[in-house]
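Examining the three-dimensional arrangement
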Amino acid sequence: MNSEREGTMGKMLIALDESKSSMKAVEYAAEQFSTTKDLQITLVHVLPNLPAIFWDEGHILSDDEKKDRKKVVDKWLADRLVKMEPLFRKATELLVAKGVSAARIGRKTISDSLDAADSILEAAKDGGFGTIVLGRHSSGNASRHLIGIVTNKVMSHAAGMTVIVVD
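The structure presented is a predicted model; accordingly, all values stated were derived computationally and were not measured.

Quick notes on the sheet that holds strand β5 (residues 162-166)
One open sheet holds the 5 strands; their spatial order is β3-β2-β1-β4-β5, and the pairing between them is parallel. Only two strands of the sheet have a single neighbouring strand rather than two, namely β3 (105-110) and β5. Between one strand axis and the next, the sheet turns by 20° as a mean value, whatever way the strands run. Where strand β4 (residues 131-135) and β5 come together, 5 bridges link them in parallel fashion.

Here it is, written out as structure tokens:
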């Protein structure tokens, strides 16, 4: 193993979603960086935008309507978090099995996002992460050589950070 990986690396953010490429990114990080001293890893998931049914219905909501809407939105968010729990658990277990201390693994879920790439970049910048690891999502069925929109945007705007894209 090279001396850089054996040294102190800092903080790594791994973007996590329900895709196979996302879990491949976790596997890669586990294989390549599990012995890196003091590396802090944060698994981050960006929730999709709220479904259109939760948006404004074209009129100003009454206080009661706002309370009812908030309950529905809160339930939707809670359901999404429950749905992601097994994925967070699987990623954590994979990292721990490769030797990463559970104490060095964190989680973050972003629920107020309008743009997944911007949210990943903001989380990385605000959290002082030096490395972002993502799975490569191909753009549709057009070609395996096309990089997904989120991955491309993160690669293009991650100034001062290392971006690792795993296929």
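Some words on the confidence of the model for the protein chain
For the protein chain, mean pLDDT is 85; residues scoring 70 or higher make up 84% of the total. Looking at the elements of the protein chain, mean pLDDT is at its lowest for helix α1 (residues 3-6), recorded as 41, and at its highest for strand β1 (residues 11-15), recorded as 97. Taken together, the stretch residues 1-8 has pLDDT below 50 and engages in 13 contacts with residues farther than four places along the chain or on a different chain.

Notes on the packing of aromatic side chains
Overall, the coordinates contain 1 aromatic pair when judged by the stated rule. A centroid spacing of 6.4 Å and a plane angle of 70° characterise the contact between tyrosine 28 and phenylalanine 33, whose relative ring orientation is edge-to-face. Over the ring of phenylalanine 129 we find lysine 11, and its NZ or CZ is 4.9 Å from the ring centre.

Considerations on the nonpolar core
One finds Met12, Ile14, Leu16, Val26, Leu43 and Leu95 to be the most contacted residues of the largest nonpolar core, which totals 23 residues. Breaking this core down by element, the ones donating at least two residues are β1, α2 (20-33), β2 (40-46), α3 (63-97) and β5. Discounting residues that sit within four places of it in the chain, methionine 12 has contacts with Ala29, Phe33, Leu39, Gln40, Ile41, Thr42, Phe129, Thr131 and Val133.

Some remarks on a negative patch on the surface
Residues Asp63, Asp64, Glu65 and Asp68 make up a contiguous surface patch of negative charge. Relative to the helices and strands, aspartate 68 is located in helix α3.

Observations concerning the packing of α2 against α3
Where α2 meets α3, the closest approach of the two axes is 9 Å, and the angle between their N-to-C directions is 20°. Taken together, α2 and α3 sit at an angle that is classed as roughly parallel. Along this stretch, α2 crosses α3, giving a crossing that reads as right-handed. Contact residues: α2 offers Met23, Val26, Glu27 and Ala30, while α3 offers Leu87, Lys90, Ala91, Leu94 and Leu95. Broken down by class, the residue content of the contact of α2 with α3 amounts to 7 nonpolar, no polar and 2 charged.

Observations regarding α3
Turn by turn, an α-helix covers 3.6 residues, leaving residues three or four places apart pointing in a common direction. Taking 1.5 Å per residue as the helical rise, α3 with its 35 residues ought to reach 51 Å, and the 50 Å between its terminal C-alpha atoms agrees with that figure. Taking the largest bend as the criterion, α3 deviates by roughly 35°, centred on methionine 84, and proline proline 86 comes between one and four positions later. Of all the positions in α3, only Arg69, Val73, Trp76, Leu77, Arg80, Met84, Leu87, Phe88, Ala91, Thr92, Leu94 and Leu95 are classed as buried. Tucked into the core, α3 has its buried residues touching α2, β2 and β3. Where α3 terminates, the next one or two residues include glycine 99, which has phi positive at roughly 110°.

Comments concerning the pattern of salt bridges
Tallied over the full model, the rule gives 10 salt bridges. For lysine 98, the salt bridge goes to glutamate 31, with nearest N and O atoms at 2.5 Å. Residue lysine 98 is located in the loop between α3 and β3, and its partner glutamate 31 is located in helix α2; the two are separated by 67 residues in the primary sequence. The network of salt bridges with shared partners includes Glu18, Arg80 and Lys83.

Definitions and cut-offs
In this numbering scheme, every chain counts its residues from 1 along its sequence in written order. With the structure being a predicted model, the display of local features is reserved for residues of pLDDT at least 70 and the display and counting of side-chain atom pairs for 80 or more, all residues being used for whole-chain, interface and lining totals. As a rule here, side-chain values come from all non-hydrogen atoms in the structure, and water together with hydrogens is ignored. The criterion for strand pairing is that DSSP finds at least two bridges linking the strands in question. Secondary structure is summarised from DSSP: a helix means a run of H or I of at least four residues, a strand means a run of E of at least two, and numbering begins at the N terminus for each. All axes here are fitted lines through C-alpha atoms, helices being fitted over the stretch that makes contact, and every angle between N-to-C directions spans 0 to 180 degrees. Every residue carries a pLDDT, the predictor's confidence in it, which falls somewhere between 0 and 100. Should any heavy atoms of two residues lie within 4.5 Å, those residues are counted as being in contact. Centre distance within 6.5 Å is the pairing criterion for rings of Phe, Tyr and Trp, where only the six-membered ring of Trp is used; planes under 30 degrees apart are then read as stacked, over 60 as edge-to-face, and the remainder as tilted. Geometrically, a lysine NZ or arginine CZ counts as sitting over a ring once it is within 6 Å of the ring centre and also within 35 degrees of the ring normal. We call a set of buried residues a nonpolar core when its members are Ala, Val, Leu, Ile, Met, Phe, Trp, Tyr or Cys and they connect through side-chain atoms within 4.5 Å of each other. Burial classes follow relative accessibility: with a 1.4 Å probe on protein chains only, a residue under 20% of its type's maximum area counts as buried, one over 50% as exposed, and anything between as partly exposed. A residue counts toward a patch only above 30% relative accessible area and without a salt bridge, and it is joined to like-charged neighbours within 9 Å or, for Val, Leu, Ile, Met, Phe, Trp and Tyr, to nonpolar neighbours within 5 Å. The Shrake-Rupley method, run with a 1.4 Å probe, gives the accessible areas here. Residue values count only the displayed protein chains as cover. Throughout this description, the term salt bridge denotes a Lys or Arg side-chain nitrogen within 4 Å of a carboxyl oxygen of Asp or Glu. Charge assignment: positive for Lys and Arg, negative for Asp and Glu; neither His nor the chain ends contribute. Charge positions come from single atoms, namely NZ of Lys, CZ of Arg, CG of Asp or CD of Glu. In these notes the angle categories are as follows: under 35 degrees is roughly parallel, over 145 is roughly antiparallel, 65 to 115 is roughly perpendicular, and the rest is oblique. We call a crossing left-handed when the near helix sits turned anticlockwise from the far one by less than a right angle, and right-handed when that turn is clockwise. In this classification, the charged set is Asp, Glu, Lys and Arg, the nonpolar set is Ala, Val, Leu, Ile, Met, Phe, Trp, Tyr, Cys and Pro, and all remaining amino acids, among them Gly, are polar. To estimate how far a helix should reach, multiply one less than its number of residues by 1.5 Å. Bend, at a single residue, is the angle you get between axes fitted to the 7 residues ending at that residue and the 7 residues starting at it.

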